[in-house]
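# Analysis of the macromolecular model
Listed here are the chains, written in short residue letters.
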There are 2 protein chains.
Amino acid sequence: MVRAGLSPERLTLAGAELADEAGFDQVTLSALARRFDVKVASLYSHLKNSQELKTRIALLALEELADQVAHAVAGRAGKDALMAFANAYRDYARAHPGRYEAARFRLDPQTAAASAGVRHAQMTRAILRGYNLTEPDQTHAVRMLGSVFHGYANLEAAGGFSHTDVASQESWVWTLDSLDAALRNRATP
Amino acid sequence: MVRAGLSPERLTLAGAELADEAGFDQVTLSALARRFDVKVASLYSHLKNSQELKTRIALLALEELADQVAHAVAGRAGKDALMAFANAYRDYARAHPGRYEAARFRLDPQTAAASAGVRHAQMTRAILRGYNLTEPDQTHAVRMLGSVFHGYANLEAAGGFSHTDVASQESWVWTLDSLDAALRNRATP
DNA sequence: GCGTCTACCTAAACCCTGTAGGCAAATCGA
DNA sequence: TCGATTTGCCTACAGGGTTTAGGTAGACGC
């Protein structure tokens, strides 16, 4: 009996790949076991249950996404930073639909607090520094931007923007231009 | 043997209630059968499969949501109409989280084309009439608004706005004000 | 080389989906 | 009103996912 060399990390990564290929809801311990040519029960030596697998994939996705955003934003400010942030976000959602879905997985408060989700919030606030917003406007802006980015990625992934022949890319740029204008409009002089 | 008096409509309604109570992903034929005190197999006389149940709940939710939005928007124009539209949308998502989730259920193209989703698109365009946008700006704006509304409802439902003490309601109004300003800015003179 | 640990196994219980076939209530036609 | 037909709900069963209990053999420390 040759051992498969499983580990929580390998399982998480394989689960993330499976999510991108087939959708996050198709990520099951059974499917993962098949992928490693191993019996399902064997996975329980590495993961408490399927909930833990999903949580780990969510954390991985949040981490990756935060890394990409941080990299994209580095050295930029103002509208430039806003665009880079937004594009990194959308690009990740398009390149890794399953992982992106996973990143929206409902985490329990403790796990969420210890996750890269915190970095997301910090980076969003950092972007807004260029717009000179005071509290509570900054919080409002964080929520608005989060809503747009997430909403757009979601609707795009659901195929909602493929009915008309207006390119999604153009709408995206238009939306970001509008947001930039709206934020500049809110700046305290 | 007393008959339970099932029908696709009753099952759909009960499914929608179950969704609001426990989440759309908890809507299963088994749970529904329990609720009616009936064996699972009996449901297959009324529904082709669980996919059909979910589709029907989605269509119901889209219909209800479109009705509420239409009612809210009637007789209003400009910013007034935008606010009414947005509030109707958010209120529905808060009052019926499960149904709202169902409304985002991926429908096959034909079903989607015959659904109330079409009315949603029409109403969004109607709102924008007050802003004097020409194509393709109108399409861009439809997408932006859809993203914000959906994104906000989603993040709010996920509890994403409960960490700071800034009230979600205030951020919502702020966001709508910003969108209104952005759209007015885009108007062709 | 021996003992321990642990990675993976078999077996089995439980839940959800879906199909096949049966019986009895409802309904309809004469 | 009664027989025939339809149909609503049933039992039985197969298939797949989750999870636990307990066993065996490979890996590793001494």
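Above this note sits the structure.
Figured I'd write up the structure that's included with this text. (Residues numbered from 1 in each chain as written. Chains lettered and ligands numbered in written order. Predicted model: local features only at pLDDT ≥ 70, side-chain atom pairs only at ≥ 80, totals over all residues. Heavy atoms only, no water.)

### As for the relation of the copies chain B and chain A
Overlay of chain B on chain A (RMSD 0.1 Å): rotation 180 degrees, translation along the axis 0.0 Å. Accordingly, the operation relating the two chain copies is best matched by a two-fold axis. Identified as the residue of chain B closest to the rotation axis by C-alpha distance is Gly151(B), at 1.9 Å. Of the residues that chain B buries at the interface, 100% are likewise interface residues in chain A, meaning the two copies contact each other through the same surface. (Least-squares fit on C-alpha atoms with pLDDT ≥ 70 in both. Contact = heavy atoms within 4.5 Å.)

### A look at the interface of chain B and chain A
Across the contact, 36 residues belong to chain B and 36 residues belong to chain A. Roughly 3,000 Å² is buried in total at the junction of chain B and chain A, and carbon and sulfur atoms are behind 63% of that figure. Summed over the three residues of chain B that lose the most area to chain A, namely His140(B), Arg143(B) and Trp174(B), the buried surface amounts to 27% of that side. Applying the counting criterion to the chain B and chain A interface returns zero salt bridges. (Buried area = accessible area lost by both parts, 1.4 Å probe. Salt bridge = Lys/Arg side-chain N within 4 Å of Asp/Glu carboxyl O.)

### Examining the protein's contact with DNA strand C
Within the structure, DNA strand C sits among 20 residues, and Arg3(A), Ala4(A), Gly5(A), Ser42(A) and Arg3(B) are positioned closest to it. Those atoms of DNA strand C that come within 4 Å of the protein belong to sugar or phosphate at a rate of 68%. Within the backbone of Ser30(B), one N or O atom sits 3.0 Å away from a phosphate oxygen of DNA strand C. Looking at side-chain class alone, the surface near DNA strand C contains eight nonpolar, eight polar and four charged residues. (Near = heavy atom within 4 Å. Polar contact = N/O pair within 3.5 Å; in protein donor to acceptor, adjacent residues only side chain to side chain. Nonpolar A, V, L, I, M, F, W, Y, C, P; charged D, E, K, R; others polar.)

### Let's talk about the packing of helix 8 (residues 117-129) of chain B against helix 9 (residues 137-157) of chain B
Residue and element names in this part refer to chain B. Here helix 8 crosses helix 9 at 115 degrees, and the two axes come no closer than 10 Å. In terms of axis orientation, helix 8 runs roughly perpendicular to helix 9. Both helix 8 and helix 9 take part in a crossing whose hand is right-handed. Within the contact between the two elements, helix 8 uses Thr124, Arg125 and Leu128 and helix 9 uses Gln138, Thr139, Ala141, Val142 and Leu145. (Axes fitted to C-alpha atoms, helices over the stretch in contact; angles between N-to-C directions. Helix = DSSP H or I, 4+ residues; strand = E, 2+ residues; numbered from the N terminus. Parallel < 35°, antiparallel > 145°, perpendicular 65-115°, else oblique. Left-handed = near helix turned anticlockwise from the far one by under 90°.)

### Details of the nonpolar core
The nonpolar side chains of a soluble globular protein tend to be buried, and buried together. Phe149(A), Leu183(A), Phe149(B) and Leu183(B) are the most contacted members of the largest nonpolar core, which totals 81 residues. Apart from the residues within four sequence positions on either side, Phe149(A) is in contact with Leu82(A), Phe85(A), Ala86(A), Tyr89(A), Tyr100(A), Trp172(A), Leu176(A) and Leu179(A). Leu32(A), Ala33(A), Leu43(A) and Ile57(A) belong to the second-largest nonpolar core, a separate cluster that totals 19 residues. (Core = buried A, V, L, I, M, F, W, Y, C linked by side-chain atoms within 4.5 Å. Buried < 20%, exposed > 50% of the residue type's maximum accessible area, 1.4 Å probe, protein only.)

### Considerations on the protein's contact with DNA strand D
Around DNA strand D lies a shell of 21 residues, among which Ser50(A), Arg3(B), Ala4(B), Gly5(B) and Ser42(B) are the nearest. Among all atoms of DNA strand D positioned within 4 Å of the protein, those belonging to sugar or phosphate total 66%. The separation between a phosphate oxygen of DNA strand D and a polar main-chain atom of Ser50(A) is 2.7 Å. Here a phosphate oxygen of DNA strand D and a backbone polar atom of Gly5(B) are 2.7 Å apart. At the level of elements, helix 2 (29-36) of chain A together with helix 3 (40-43) of chain B are the ones that each hand at least two residues to the surface near DNA strand D. Per element, the largest residue contribution to the surface near DNA strand D is three residues, and it comes from helix 2 of chain A.

### Concerning helix 9 (residues 168-186) of chain A
Compared with an ideal rise of 1.5 Å per residue, which puts 19 residues at 27 Å, helix 9 of chain A spans 27 Å between its outermost C-alpha atoms and is within 8% of the ideal. For helix 9 of chain A, the complete set of buried residues consists of Ser168(A), Ser171(A), Trp172(A), Trp174(A), Thr175(A), Leu176(A), Ser178(A), Leu179(A), Asp180(A), Ala182(A) and Leu183(A). Residues of helix 9 of chain A that are buried sit in contact with helix 4 (78-95), helix 7 (117-128) and helix 8 (137-157) of chain A together with helix 9 and helix 10 (168-186) of chain B. (Expected span 1.5 Å × (residues − 1).)

### Let's talk about unusual backbone geometry
Of the consecutive residues Glu135(A) and Pro136(A), the connecting peptide bond is found in the cis state with omega at 5 degrees. Position of Pro136(A) among the secondary structure elements: in the loop between helix 7 and helix 8. With a phi close to 55 degrees, Asp37(A) is a non-glycine residue in the positive phi region. Along the polypeptide, Asp37(A) turns up in the loop between helix 2 and helix 3 (50-73). In this model, Asn132(B) sits at a positive phi of 60 degrees, which is unusual for a non-glycine residue. Secondary-structure assignment places Asn132(B) in the loop between helix 8 and helix 9.

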